[in-house]
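The primary structure of each chain is shown beneath.
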Amino acid sequence: MSTTTVSQLDKVKDGPWSGGKSPWNLEYGKIMMWFFLVSDAFTFSAFLIYYGAQKFAQPTWIDADKVFQSIPGIAESGQPLVFVGLMTFILIMSSVTMVLAVDAGHRNRKDEVVKWMLWTILGGLAFVGCQAIEWTHLHHQGFWFGRNPATGLEGEAVAEALAPYFTKDISYTAALQFANLFFTITGFHGFHVSIGILLNIIVLSMTLNNTFERRGTYLMVEKVGLYWHFVDLVWVFVFTFFYLI
């Protein structure tokens with residue numbers, strides 16, 4: 001009886017990275033989600049790069065600590081970045097609950113998927129609600145698309161209206177650019193969050209209808225989770241550019 005000797009090279013060829021199991025064996029929808037997220041990342045990057053270019057091209061710029069120093073309905077001033085810090089915490093925690101929903105889906109635990117998806121949706125709604133409150137507050141202060149608190153004023157009245165928002169020199173153009181870019185970029189991000197909330201509600205409804213139980217997989221939860229984590233990650237950069245730098 002002859003024995004067959006298997007060389008080390010043959011052992012390598014039979015390994016999981018050599019045809020036994022392809023590292024690119026991913027579901028089509030998941031790949032498409034990644035393609036979309038990469039393309040969307042370029043859009044957000046272009047917005048933020050333009051904001052940075054405008055900010056550093058101006059001799060002076062608005063001080064974020066002076067613009068965002070209120071807690072709407074509680075304190076008008078003296079609380080810099082507290083409210084937006086709360087918004088950020090809410091969104092980050094919603095990302096945590098989404099992770100838990102995806103993990104529950106991997107374990108085929110429908111009840112846990114429902115629970116964590118509900119918390120994720122509530123977190124998203126709370127974030128969008130806080131953003132609407134912040135927008136309303138800034139609008140009452142005089143900031144809006146194509147407007148700042150000095151719009152329509154002349155002479156010394158312009159400097160007087162903008163003085164509370166600048167640390168150094170005052171610039172009407174800088175205040176106008178800040179308002180336009182702030183509402184455009186945060187609005188674009190808020191739109192993404194709103195779409196994410198809608199997707200989460202759809203996935204929650206499918207979970208309650210046992211759609212994924214019949215399919216035998218909760219992969220859709222994971223795909224929506226990728227989108228939600230992307231939205232959270234983008235907010236980290238938006239928060240850094242507008243509120244910290």
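Looking at an unreviewed UniProt entry, one finds the chain named Cytochrome c oxidase subunit 3, with Sphingobacterium chuzhouense as its source organism. What UniProt records for the chain under Sequence similarities (unreviewed entry) is the sentence "Belongs to the cytochrome c oxidase subunit 3 family."

Caption draft 1: Fine view of the layout of surface pockets. Volume-wise, the largest pocket comes out at about 270 Å³. Of all the secondary structure elements, the ones that give two or more residues to the lining of the largest pocket are α3 (28–57) and α10 (219–244). Counting residues per element, the lining of the largest pocket draws most heavily on α3, which supplies eight residues. Class assignment for the residues of the lining of the largest pocket results in twelve nonpolar, two polar and no charged. Of the volumes computed, that of the second largest pocket is approximately 230 Å³.

Caption draft 2: Region of the structure containing the nonpolar core. In terms of nonpolar packing, the biggest core is built from 64 residues, with Phe68, Phe178, Phe182, Val221, Trp235, Phe242 and Tyr243 touching the most fellow members. For this core, the secondary structure elements donating two or more residues are α3, α4 (64–67), α5 (82–106), α6 (110–141), α7 (156–162), α8 (172–208) and α10. Discounting residues that sit within four places of it in the chain, Trp235 has contacts with Val84, Met87, Thr88, Leu91, Phe127, Gln131, His189 and Tyr243.

Caption draft 3: Spatial organisation of empty space enclosed by the protein. Per the stated rule, a full pass over the model turns up two cavities of 30 Å³ or more. Together, Val67, Phe68, Ser70, Pro72, Leu81, Phe83, Val84, Glu134, His137 and Leu138 line the largest cavity. Among the elements that line the lining of the largest cavity, the one with the most residues is α6, at three residues. Residues that form the lining of the largest cavity fall into these classes: seven nonpolar, two polar and one charged. The computed volume of the second largest cavity comes to approximately 30 Å³. Lining the second largest cavity, in full, are Tyr51, Lys55, Trp61, Ile62, Asp63, Ala64, Phe178, Phe242 and Ile245.

Analysis parameters
Residues numbered from 1 in each chain as written. Predicted model: local features only at pLDDT ≥ 70, side-chain atom pairs only at ≥ 80, totals over all residues. Heavy atoms only, no water. UniProt positions renumbered as here; feature names shortened; annotations may be inferred. 1 Å grid on protein atoms, 1.4 Å probe; cavity = no way out; pocket = protein on both sides within 12 Å on 5 of 7 lines; lining within 4 Å. Points joined across faces, edges and corners; volume = space filled by probe spheres on them. Helix = DSSP H or I, 4+ residues; strand = E, 2+ residues; numbered from the N terminus. Nonpolar A, V, L, I, M, F, W, Y, C, P; charged D, E, K, R; others polar. Core = buried A, V, L, I, M, F, W, Y, C linked by side-chain atoms within 4.5 Å. Buried < 20%, exposed > 50% of the residue type's maximum accessible area, 1.4 Å probe, protein only. Contact = heavy atoms within 4.5 Å.

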